[in-house]
Amino acid sequence: MTENHPFLRLAPVRMEYLYRNPDIIVFNDVLSDYEIDYIKRIAQPRFRRATVHDPATGELVPAHYRISKSAWLKDEESAVVARVSRRVADITGLSMTTAEELQVVNYGIGGHYDPHFDFARKEENAFEKFNGNRIATVLFYMSDVAQGGATVFTELGLSVFPRRGSAVFWLNLHPSGEGDLATRHAACPVLRGSKWVCNKWIHQGGQELIRPCNLEYQKESIIRPIPQPIEKFFR
């Protein structure tokens, strides 16, 4: 992120650190009601059962541990979708050159996603076509949830409850490019209501001059000591 970005000077964004090392950040009020309603409307007719990357083949397949409906939206098809991608670049300071399309997801009653990493492990063959692993995640909340539906970082003891219009941001990789095991997270079951989110996954390609790797090798199997969260619950 860069505080000197022209966009942030003209339209400051209120951000909160929920955790430090790894940094889990919430950006408040970064999606308007119009944008949310528009994205929901164009995504809903395309909904299919959500899939995951098969670690052996890299193909997308359904899984019992992810119960939701999802659709993918391209920047080229809508000025609104393209504007959301530009906003991700503005607030994170990262390039969207090799970012994935905007994924829109709806969790109904009982919908959930078991603990997982957004990055691909060394033995997995998932993101070759995207020019590098998923360096960062931006998760937009497009609805409040009456009960349940929190995003839980299982290694950190941190729960983030959905708030319409806000977004959660974190880096999935250490500066060395190794996966950060402390970013393991899950979507808790929705107990009452409906949960709408959209994701923007950002890849390593295009970040070479923005966020260069360092020379210190960080083994994926090592989890450094984890400090206490700054703010455990976000409501």
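Structure first, text after, so check above.
Every value quoted in this text rests on a predicted model; they were computed, and no experiment measured them.

Turning to the side chain of Asn-172, a few remarks are in order. Here Asn-172 lies in the loop between strand E14 (167-171) and strand E15 (185-187). With a relative accessible area of 0%, Asn-172 lands in the buried category. A polar side-chain atom of Asn-172 sits 3.0 Å from a polar atom in the side chain of Thr-137. Ignoring anything within four residues of it in the chain, the contact list for Asn-172 reads Asp-118, Phe-119, Arg-134, Ile-135, Ala-136, Thr-137, Glu-178, Gly-179, Asp-180 and Thr-183.

The subject of this paragraph is the packing of helix H2 (residues 33-43) against helix H3 (residues 79-92). Following both chains from N to C, one finds H2 and H3 inclined at 125°, their axes separated by 10 Å at the closest point. Classified by the angle their axes make, H2 and H3 are oblique. For H2 against H3, the interelement crossing comes out left-handed. In this structure, H2 uses Tyr-34, Glu-35, Tyr-38, Ile-39 and Ile-42 to contact H3, whose residues at the interface are Val-80, Val-81, Arg-83, Val-84 and Arg-87. Tallied by class, the residues present in the contact of H2 with H3 amount to seven nonpolar, no polar and three charged.

Moving on, we get to empty space enclosed by the protein. Any space left empty among the atoms is revealed by the rolling of a water-sized probe across them. Applying the stated criterion across every chain, the model contains one cavity of 30 Å³ or more. In this structure, the largest cavity encloses a volume near 170 Å³. The wall of the largest cavity is formed by 18 residues, among which Tyr-107, Tyr-113, Leu-139, His-185 and Asn-199 lie closest to the centre. Among the elements of the structure, strand E8 (102-107), strand E9 (112-116), strand E10 (134-141), E15 and strand E17 (195-203) are those that each provide at least two residues to the lining of the largest cavity. In terms of residue count, the dominant contributor to the lining of the largest cavity is E17 (four residues).

The subject of this paragraph is the packing of aromatic side chains. Throughout the structure, instances matching the rule amount to seven aromatic pairs. Look at Tyr-65 and Tyr-113: their rings are 6.4 Å apart centre to centre, the planes differ by 20°, and that puts the pair in the stacked class. On the criterion of sequence distance, the pair formed by Tyr-65 in the loop between strand E5 (60-62) and strand E6 (66-67) and Tyr-113 in strand E9 is long-range, its members being 48 residues apart. Judged by its relative accessible area of 28%, Tyr-65 is partly exposed. Arg-20 extends its terminal NZ or CZ atom over the ring of Tyr-17, reaching a point 4.1 Å from the ring centre.

Our focus in this paragraph is the pairing of strand E2 (residues 24-27). Side-chain alternation along E2 places Ile-24 and Val-26 on one buried face and Ile-25 and Phe-27 on a second face that is also buried. Direction of pairing for strand E1 (residues 15-19) relative to E2: antiparallel, over a ladder of four bridges. If you follow Glu-16 over to E2, its bridge partner there is Val-26. Turn length for the E1-E2 hairpin, with the two strands adjacent in sequence and antiparallel, is four residues, and the turn residue Asn-21 shows positive phi of about 60°.

What follows concerns unusual backbone geometry. The omega torsion of the bond from Asn-21 to Pro-22 falls at 10°, within 30 degrees of zero and hence cis. Within the element layout of this structure, Pro-22 appears in the loop between E1 and E2. Within the fold, Asn-21 resides in the loop between E1 and E2. Residue Asn-21 is classed as partly exposed on the basis of its relative accessible area of 39%. Positive phi values are uncommon outside glycine, yet Asp-29 reaches one of about 55°. For Asp-29, the position within the fold is in the loop between E2 and H2. Relative accessible area serves as the criterion here: at 62%, Asp-29 is assigned to the exposed category.

Cut-offs and rules
Residues numbered from 1 in each chain as written. Predicted model: local features only at pLDDT ≥ 70, side-chain atom pairs only at ≥ 80, totals over all residues. Heavy atoms only, no water. Helix = DSSP H or I, 4+ residues; strand = E, 2+ residues; numbered from the N terminus. Buried < 20%, exposed > 50% of the residue type's maximum accessible area, 1.4 Å probe, protein only. Polar contact = N/O pair within 3.5 Å; in protein donor to acceptor, adjacent residues only side chain to side chain. Contact = heavy atoms within 4.5 Å. Axes fitted to C-alpha atoms, helices over the stretch in contact; angles between N-to-C directions. Parallel < 35°, antiparallel > 145°, perpendicular 65-115°, else oblique. Left-handed = near helix turned anticlockwise from the far one by under 90°. Nonpolar A, V, L, I, M, F, W, Y, C, P; charged D, E, K, R; others polar. 1 Å grid on protein atoms, 1.4 Å probe; cavity = no way out; pocket = protein on both sides within 12 Å on 5 of 7 lines; lining within 4 Å. Points joined across faces, edges and corners; volume = space filled by probe spheres on them. Phe/Tyr/Trp six-rings, centres within 6.5 Å; stacked < 30°, edge-to-face > 60°. Lys NZ or Arg CZ within 6 Å of the ring centre and 35° of its normal. Pairing = 2+ DSSP bridges.

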